[in-house]
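Single-letter residue listing:
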Amino acid sequence: MKFTKMHGCGNDYIYVNCFEETVHHPRELAIRLSDRHFGIGSDGLILIYPSDKADFRMAMYNMDGSEGKMCGNGVRCIAKYVYDHHLTDKTHITLETLAGIKYLDLSVENGKVANVTVDMGKPVFRGKDIPVNIDKDLIINEPIQADGSLWHMTCVSMGNPHAVVFVEDTEHMDIWNMGPVFEKHPMFPEHVNTEFVQVLDRKNINMRVWERGSGETLACGTGACASVVACVLNDKTDNEVTVHLLGGDLFIKYDQDENTVFMTGPAVEVFSGEIDIAE
């Protein structure tokens, strides 16, 4: 099977062109190939398919084999793949995901995609729709007991569930302890992605993320969007913010009038190869 390794701000996935390849057991394959010692190494597996609703369709699987609905860094890399590998010559494309149709604008430099702006759609706030076991239309600065301590979270879905927690210092926090506690907290029936956010000023934040099914990753596009929405809801930043992640920066704009989030960031192809997937 031919594959391409790509990343957006260090959030790396294995991409397979399913116009040409056939993947029969994607969950098992994601676990096998994502292993950084015995496989290719990645945060998961992303498959690119034809679509009867959009230009392309995405299926994504985390490194533990669970299927995700949406990946902001992943969709930018798909845009780069389909343009750079000549599956399209359009610089505005649509992508079918389990979280709905996404609209992508490609910035091309010297014949290659350098940056992609994604219309990430409307954030979801109602507890039962995120889902969170809290019957509220808005979950802002909500107290939660975790690991014996009282925290406060703001919950948003960007196609997948996010709990945003504001902290004084992202660099020295114990994310490897707190991440799993939040991910599998009984408050979240489908588990949760948790963003730990340090506000620097009205236009800049630091963010570390613990992704359900993958652990800490160097970046999370939907998490960056959720974090900026949470910042605005808590009046901690303006609505246009640069999110500083371990793997790089993303620029997020939250249009409150339209209740729509836009994300701009890079996409990088690392290498391509071929691997025997026969058992």
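Residues numbered from 1 in each chain as written. Predicted model: local features only at pLDDT ≥ 70, side-chain atom pairs only at ≥ 80, totals over all residues. Heavy atoms only, no water.

What follows concerns the UniProt feature "binding site: substrate" (unreviewed entry) in the protein. If you check UniProt for "binding site: substrate" (unreviewed entry), the listed places come out as Asn11, Asn62, Gly72, Asn73, Asn160, Asn193, Glu211, Arg212, Gly221 and Thr222 in our numbering. Lining the largest cavity, from this annotated set, are Asn11, Asn62, Gly72, Asn160, Asn193, Glu211, Arg212, Gly221 and Thr222. As for its placement among the helices and strands, asparagine 160 is situated in the loop between strand E10 (149–157) and strand E11 (161–166). Looking at where threonine 222 falls in the secondary structure, it is placed in helix H4 (residues 221–233). Using a relative accessible area of 1% as the deciding quantity, one classes threonine 222 as buried. Within the structure, the side chain of threonine 222 is placed 3.1 Å from the side chain of histidine 162, a separation counted as a polar contact. (UniProt positions renumbered as here; feature names shortened; annotations may be inferred. 1 Å grid on protein atoms, 1.4 Å probe; cavity = no way out; pocket = protein on both sides within 12 Å on 5 of 7 lines; lining within 4 Å. Helix = DSSP H or I, 4+ residues; strand = E, 2+ residues; numbered from the N terminus. Buried < 20%, exposed > 50% of the residue type's maximum accessible area, 1.4 Å probe, protein only. Polar contact = N/O pair within 3.5 Å; in protein donor to acceptor, adjacent residues only side chain to side chain.)

All told, the structure shown has one cavity of 30 Å³ or more when counted by the stated rule. Estimated volume of the largest cavity: approximately 110 Å³. Forming the walls of the largest cavity are 16 residues, and the residues nearest its centre are Met60, Asn62, Met70, Asn160 and Glu211. Taken together, the residues of the lining of the largest cavity break down into four nonpolar, eight polar and four charged. (Points joined across faces, edges and corners; volume = space filled by probe spheres on them. Nonpolar A, V, L, I, M, F, W, Y, C, P; charged D, E, K, R; others polar.)

Counting through the fold element by element, aspartate 201 comes out in strand E12 (residues 193–201). Take aspartate 201: its relative accessible area is 39%, and that puts it in the partly exposed class. Between the alpha carbons of aspartate 201 and aspartate 238 there is a distance of 9.1 Å; along the sequence they are 37 residues apart. Leave out the neighbours within four places in its chain, and aspartate 201 touches Lys236 and Thr237. Only 2.8 Å separates the side chain of aspartate 201 from the backbone nitrogen of lysine 203, close enough to count as a polar contact. Within the structure, the side chain of aspartate 201 is placed 2.9 Å from the backbone nitrogen of asparagine 204, a separation counted as a polar contact. (Contact = heavy atoms within 4.5 Å.)

So, about a nonpolar patch on the surface. Together, Val268, Val270 and Phe271 make up a nonpolar patch on the protein surface, roughly 220 Å² of accessible area in all. Looking at the secondary structure, you find valine 268 in strand E18 (residues 268–274). Judged by its relative accessible area of 32%, valine 268 is partly exposed. (Patch = residues over 30% accessible without salt bridge, like charges linked within 9 Å, V, L, I, M, F, W, Y side chains within 5 Å. Areas by Shrake-Rupley, 256 points an atom, 1.4 Å probe, with all protein chains shown as cover. Salt bridge = Lys/Arg side-chain N within 4 Å of Asp/Glu carboxyl O.)

Before going further, it helps to spend a moment on H4. The periodicity of an α-helix, 3.6 residues per turn, causes residues three or four positions apart to be oriented the same way. Between its terminal C-alpha atoms H4 stretches 19 Å, which fits the 18 Å expected from 13 residues at 1.5 Å a residue. Among the 13 residues that make up H4, 12 are buried, leaving the element largely enclosed by the rest of the structure. Of the positions making up H4, those classed as buried are Gly221, Thr222, Gly223, Ala224, Cys225, Ala226, Ser227, Val228, Val229, Ala230, Cys231 and Val232. Immediately downstream of H4, the backbone of aspartate 235 shows phi near 55°, a positive value. (Expected span 1.5 Å × (residues − 1).)

This brings us to the pattern of salt bridges. Proximity of charged atoms lets side chains of opposite charge pair with each other. Inspection of every chain in the model, using the stated rule, returns 13 salt bridges. A salt bridge links aspartate 84 to lysine 80; the shortest N-O distance between them is 2.6 Å. One end of the pair, aspartate 84, and the other, lysine 80, are both in helix H2 (residues 72–84), four residues apart, so they sit about a helical turn from each other. For aspartate 84, a relative accessible area of 8% translates into the label buried.

On to the nonpolar core. When a protein is soluble and globular, its nonpolar side chains tend to lie buried together. Counting residues in hydrophobic clusters, the biggest one holds 53 residues, and the most contacted among them are Leu104, Val243 and Ile252. The element that contributes the greatest number of residues to this core is H4, accounting for eight residues. Setting aside residues up to four positions removed in sequence, isoleucine 252 forms contacts with Ala224, Cys225, Val228, Asn239, Glu240, Val241, Val243, Val261, Phe262 and Met263. Counting residues in each nonpolar core, the second largest holds 21 residues, with Val132, Val165, Ile175 and Phe196 among its members. (Core = buried A, V, L, I, M, F, W, Y, C linked by side-chain atoms within 4.5 Å.)

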